[in-house]
Amino acid sequence: MRIFSGIQPTGRKHLGNYLGAIRQYVSGQDRGEGIYCVVDLHAITIAYKPEDLRKSVYDTTAMLLAAGLDPERCILFRQGDVREHTELCWHLASVTAFGELSRMTQFKDKSAKQDLVKAGLFLYPVLQAADILLYQTDEVPVGEDQRQHIELTRDVAMRFNETFGKTFVVPKHVIPTIAARVMDLKDPTTKMSTSARVPDGVVHVLDEEAATLKKFKGATTDSGSEVKRGDDKPGVSNLIEIYAAVRGVAPDAVEQEFVGKRYGDFKLAVGDAVNQYFKPVREKYVTLRADEAELERVLGKGAEKARAIAVKTMQKVRDAMGLKV
Ligand code: TRP
């Protein structure tokens, strides 16, 4: 069973990124062959600074290693190191409809924020499909917000297979069941996101412990006083989901544990639990991030392993499409 996912090399990762994606990558190593890619080529589709990008790739790589990815047991690499990604993107672009890409909600959202909307941003979902299909992927663990991109990937794979003969595995989207959507602590009706308006609603993996506690203490709670989930209690429900996820217990058990307790005590307990959960990650990160040569070595080895698979798929694709093999 092959698992593939891509992660943006953008700055600081938050609790939502960690629980929704990174954590699944780590557990994926035990379930199958995990292939994880830091997507620098996706990052250049919006305005950016080259020197920041180079650093962000290292930040993200160090974070993934600190979280528990083991380069001996999975493939961890930088997208731009394996040229087959851009090559397959072109081949897939010729089986993808302009209309399909025009309907992508992320394209609409992102392009609304850019002065210059690049053609690369429009093709972003095709490059993502290439990432996934190159490795004959069975499962793609990635957040709910990527659903449309994964659907497109499946459609493109099926269309390609129908047109040119069976070439690609059609992948499945896997979304984590607990904490698939970590909400903003200040505004629990919106998703936790790097671009949040109020910084205190977003907990970063690398925040100091005191800052983490402060954010949880200041979390918005709802009317009533019971620690219980409910549609009318988005704040408390979110905190329950977070606590359950970092403690590895069911949300029901959390409600039982806090029967008769006040919101204030509960919020502190969640903050503490998150700090405990992140403690080893925060410690390992510092050591890993300090050694860029070692990070580069890990990425280079990963690229070699990834390329061995990618080259084979590209040969099949060229052959199926009547191009020179
Ligand atoms: N678009 C994804 C995101 O923003 C990142 C990504 C790129 C990805 N290629 C991928 C995710 C392939 C899964 C599979 O999160």
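What you are looking at is a predicted structure, and each value in this text was computed from that prediction instead of being measured.

Criteria and thresholds
Residues numbered from 1 in each chain as written. Predicted model: local features only at pLDDT ≥ 70, side-chain atom pairs only at ≥ 80, totals over all residues. Heavy atoms only, no water. Helix = DSSP H or I, 4+ residues; strand = E, 2+ residues; numbered from the N terminus. Rg over C-alpha atoms; globule rule 2.2 N^0.38 Å. Buried < 20%, exposed > 50% of the residue type's maximum accessible area, 1.4 Å probe, protein only. Contact = heavy atoms within 4.5 Å. Areas by Shrake-Rupley, 256 points an atom, 1.4 Å probe, with all protein chains shown as cover. Lys, Arg positive; Asp, Glu negative; His and termini not counted. Charge placed at Lys NZ, Arg CZ, Asp CG, Glu CD. Near = heavy atom within 4 Å. Polar contact = N/O pair within 3.5 Å; in protein donor to acceptor, adjacent residues only side chain to side chain. Nonpolar A, V, L, I, M, F, W, Y, C, P; charged D, E, K, R; others polar. Salt bridge = Lys/Arg side-chain N within 4 Å of Asp/Glu carboxyl O. Axes fitted to C-alpha atoms, helices over the stretch in contact; angles between N-to-C directions. Parallel < 35°, antiparallel > 145°, perpendicular 65-115°, else oblique. Left-handed = near helix turned anticlockwise from the far one by under 90°. Phe/Tyr/Trp six-rings, centres within 6.5 Å; stacked < 30°, edge-to-face > 60°. Core = buried A, V, L, I, M, F, W, Y, C linked by side-chain atoms within 4.5 Å. Pairing = 2+ DSSP bridges.

Undergrad: Which parts of the structure should I look at to understand the overall build of the chain?
TA: Within the chain one finds 13 helices and five strands. Expected size for 325 residues packed as a compact globule is a radius of gyration near 20 Å; at 21 Å, the chain falls within 12% of this value. Principal axes of the C-alpha set define a box for the chain whose edges measure 70 × 45 × 40 Å. The proportion of buried residues among the 325 residues of the chain is 50%. Here the analysis covers contacts within the chain between residues at least 6 apart in sequence; of these, 75% occur between residues at least 24 apart. Put simply, the chain shows about 15,300 Å² of open surface, and 53% of that area lies on carbon and sulfur atoms. Taken together, the 47 basic and 45 acidic charged side chains of the chain have centroids lying 1 Å from each other.

Undergrad: Any chance you could explain the environment of Ala67 here in plain terms?
TA: Considering the arrangement of structural elements, one finds Ala67 in helix H3 (residues 50-67). Relative accessible area serves as the criterion here: at 14%, Ala67 is assigned to the buried category. On a C-alpha basis, the gap between Ala67 and Ile22 in space is 7.4 Å, while along the polypeptide they are 45 residues apart.

Undergrad: Looking at this structure, how should I read the site of the ligand?
TA: Around the ligand lies a shell of 13 residues, among which Gly6, Tyr124, Gln128, Asp131 and Gln146 are the nearest. A distance of 2.7 Å separates a nitrogen atom of the ligand from a polar atom in the side chain of Tyr124. One nitrogen or oxygen atom from the side chain of Gln128 is found 2.9 Å from a nitrogen atom belonging to the ligand. Summarising the interface, the protein chains cover 91% of the accessible area of the ligand, which totals 370 Å² for the free molecule. At the level of secondary structure, the elements contributing two or more residues to the shell around the ligand comprise strand S1 (2-7) and helix H7 (119-134). At four residues, the largest contribution of residues to the shell around the ligand is made by H7. Counted by class, the shell around the ligand contains six nonpolar, six polar and one charged residues.

Undergrad: For this particular structure, what's the right way to read the pattern of salt bridges?
TA: Think of it this way: side chains of opposite charge can pair up when their charged atoms draw near. Overall, the coordinates contain 19 salt bridges when judged by the stated rule. As a salt-bridge pair, Arg229 and Asp252 come within 2.6 Å of each other at their nearest N and O atoms. On the criterion of sequence distance, the pair formed by Arg229 in the loop between helix H9 (209-217) and helix H10 (234-247) and Asp252 in helix H11 (residues 251-257) is long-range, its members being 23 residues apart. Residue Arg229 is classed as partly exposed on the basis of its relative accessible area of 34%. Using a relative accessible area of 46% as the deciding quantity, one classes Asp252 as partly exposed. For Glu294, the salt bridge is made with Arg297, and the minimal N-O distance between the two is 3.0 Å.

Undergrad: Hey, could you run me through the side chain of Lys215 in this one?
TA: Within the secondary structure, Lys215 sits in helix H9. Taking relative accessible area as the criterion, Lys215 reaches 11% and is therefore assigned buried. Looking at Lys215, its side chain comes within polar contact range of the main-chain oxygen of Val202, at 2.8 Å. Once residues lying within four places of it in the same chain are set aside, the contact partners of Lys215 are Leu185, Pro199, Asp200, Val202, Val203, His204 and Asp207.

Undergrad: Got a minute to help me understand the environment of Arg318 in this structure?
TA: Looking at where Arg318 falls in the secondary structure, it is placed in helix H13 (residues 292-321). Given the relative accessible area of 19%, Arg318 is considered buried. Through-space distance from the C-alpha of Arg318 to that of His91 is 8.6 Å; in sequence the pair is 227 residues apart. When sequence neighbours within four positions are dropped, the list of residues in contact with Arg318 reads Glu87, His91, Leu323, Lys324 and Val325.

Undergrad: Please explain the packing of H7 against helix H8 (residues 147-164) as it appears in this structure.
TA: Two packed helices can be described by the angle between their axes and the distance between those axes. Packing of H7 against H8 leaves a shortest axis separation of 9 Å and a crossing angle of 65 degrees. Viewed along their axes, H7 and H8 adopt a mutual orientation that is roughly perpendicular. You can see that H7 and H8 cross each other, and the crossing is right-handed. On H8, the residues touching Tyr124, Pro125, Gln128, Ala129, Ile132 and Leu133 of H7 are His149, Ile150, Leu152, Thr153 and Ala157. Per-class residue counts for the contact of H7 with H8 are eight nonpolar, three polar and no charged.

Undergrad: Where do I start with the packing of aromatic side chains in this structure?
TA: Two measures describe an aromatic ring pair: the distance that separates the ring centres and the angle between the ring planes. According to the stated counting rule, one finds 13 aromatic pairs in the structure shown. Their ring planes at 10 degrees and their centres at 5.4 Å tell us that Phe4 and Tyr135 sit as a pair that is stacked. Taken together, the residues Phe4 in strand S1 and Tyr135 in the loop between H7 and strand S4 (139-141) connect sequence positions 131 residues apart. Assessed through its relative accessible area of 1%, Phe4 is described here as buried. The buried category is assigned to Tyr135, whose relative accessible area is 0%. In this structure an aromatic cluster arises from ring pairing among Phe4, Phe77 and Tyr135.

Undergrad: Hey, could you run me through the nonpolar core in this one?
TA: A general trend in soluble globular proteins is that nonpolar side chains are found buried together. Counting 54 residues, the largest nonpolar core has Leu15, Leu76, Phe216 and Phe266 as the members making the most contacts within it. Elements supplying a minimum of two residues to this core: S1, helix H1 (15-31), strand S2 (33-38), H3, strand S3 (74-78), H10, helix H12 (263-289) and H13. Among residues more than four places away in sequence, those in contact with Phe216 are Leu15, Leu185, Val203, Leu239, Ile242, Lys267, Val270, Gly271 and Val274.

Undergrad: I keep staring at the pairing of S3 and nothing clicks. Help me out?
TA: Regular strands place their side chains on alternate faces of the sheet. Buried residues dominate S3, accounting for five of its five residues. Bridging between S2 and S3 involves five bridges; their strand directions are parallel. When the bridges of S3 are listed, Val38 appears paired with Arg78.

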